[in-house]
Amino acid sequence: MKKWHFKTKNSPKTIGQSMENALNSVNGLVFNMKKGENDSVMFNFRKRILYPWYLFFLNSLVVRGKLTKSETDYETHVEISFKQHFLWVLVIFTNMIVGLAVLIAVISEKNSSTYVYLIGGLIITIGIILWIRIQKKYVANIQEYKDLISKIFGV
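First things first, this report covers the structure right here in the doc. (Residues numbered from 1 in each chain as written. Predicted model: local features only at pLDDT ≥ 70, side-chain atom pairs only at ≥ 80, totals over all residues. Heavy atoms only, no water.)

## Topic: helix 4 (residues 114–153)
Along an α-helix, residues three or four positions apart point the same way, because every turn accommodates 3.6 residues.
Right, on to step 1. With 40 residues, helix 4 extends 58 Å between its outermost C-alpha atoms, agreeing within 8% with the 58 Å of an ideal straight helix rising 1.5 Å per residue.
Right, on to step 2. A positive phi of about 70 degrees marks glycine 154, the residue just after helix 4. (Helix = DSSP H or I, 4+ residues; strand = E, 2+ residues; numbered from the N terminus. Expected span 1.5 Å × (residues − 1).)

## A few points about the sheet that holds strand 5 (residues 76–84)
Right, on to step 1. What the 5 strands build is an open sheet, ordered 1-5-4-3-2; its pairing is antiparallel. Sheet topology places strand 1 (2–8) and strand 2 (29–35) at the edges, where each strand pairs with a single neighbour. Neighbour-to-neighbour, the strand axes of the sheet open up by a mean angle of 15 degrees, direction not taken into account.
Right, on to step 2. Strand direction decides the pairing type here: strand 3 (residues 41–47) and strand 4 (residues 61–69), joined by 6 bridges, are antiparallel. Within strand 4, the residue paired with methionine 42 across the bridge is lysine 66. (Pairing = 2+ DSSP bridges. Axes fitted to C-alpha atoms, helices over the stretch in contact; angles between N-to-C directions.)

## Here's the deal with the pairing of strand 5
Looking down a regular strand, the side chains alternate between one sheet face and the other.
Right, on to step 1. Looking at chain direction, strand 1 and strand 5 are connected through 7 bridges and run antiparallel. Residue phenylalanine 6 lies in a different strand from strand 5, and its bridge partner there is valine 78.
Right, on to step 2. As defined by bridge partners, strand 4 adjoins strand 5 across 9 bridges and the pair is classed as antiparallel. Paired with threonine 68 across the two strands is histidine 77, which belongs to strand 5.

## Points about the environment of asparagine 27
Right, on to step 1. In this fold, asparagine 27 is placed in the loop between helix 1 (12–24) and strand 2.
Right, on to step 2. Under the relative-accessibility criterion, asparagine 27 is labelled exposed at 76%. (Buried < 20%, exposed > 50% of the residue type's maximum accessible area, 1.4 Å probe, protein only.)

## Some points on the environment of isoleucine 124
Right, on to step 1. Structurally, isoleucine 124 is set in helix 4.
Right, on to step 2. On the basis of relative accessibility, which here comes to 15%, the residue isoleucine 124 falls in the buried class.
Right, on to step 3. A C-alpha to C-alpha distance of 8.0 Å links isoleucine 124 and valine 98, two positions 26 residues apart in sequence.
Right, on to step 4. Ignoring anything within four residues of it in the chain, the contact list for isoleucine 124 reads Met96, Gly99, Leu100 and Leu103. (Contact = heavy atoms within 4.5 Å.)

Shown next as structure tokens:
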């Protein structure tokens, strides 16, 4: 999970309203906002994933943020965190666990066929390749959301 902090020169309510207006107009985006303590505003948004293959093509990050009023007038602290979508985490860990289970079964000599070694190794290799690819996509997706948020906040 990566975090991004900055300050902007509006009140949290004004910024929250401008975010709501800008992000509710985007199709396929789920945006939630709620008011917190001491005039703070908490929000989160992500792209809707309707089909499994959307994971490969869409930005699959969950963005959570908090807008808090600073000590000076008309200045707001913005804290935003970027987290990988739960489905990606589930896909990668499931793949790794299945691959390790196959290799453990082979090592314990329940089935010592060469094909089982190949299948276990292939499943783990696919999991590792997916993990590496997702880490690269994660950095690009964070930059995409940072650009969107910068346009909204005027940073």
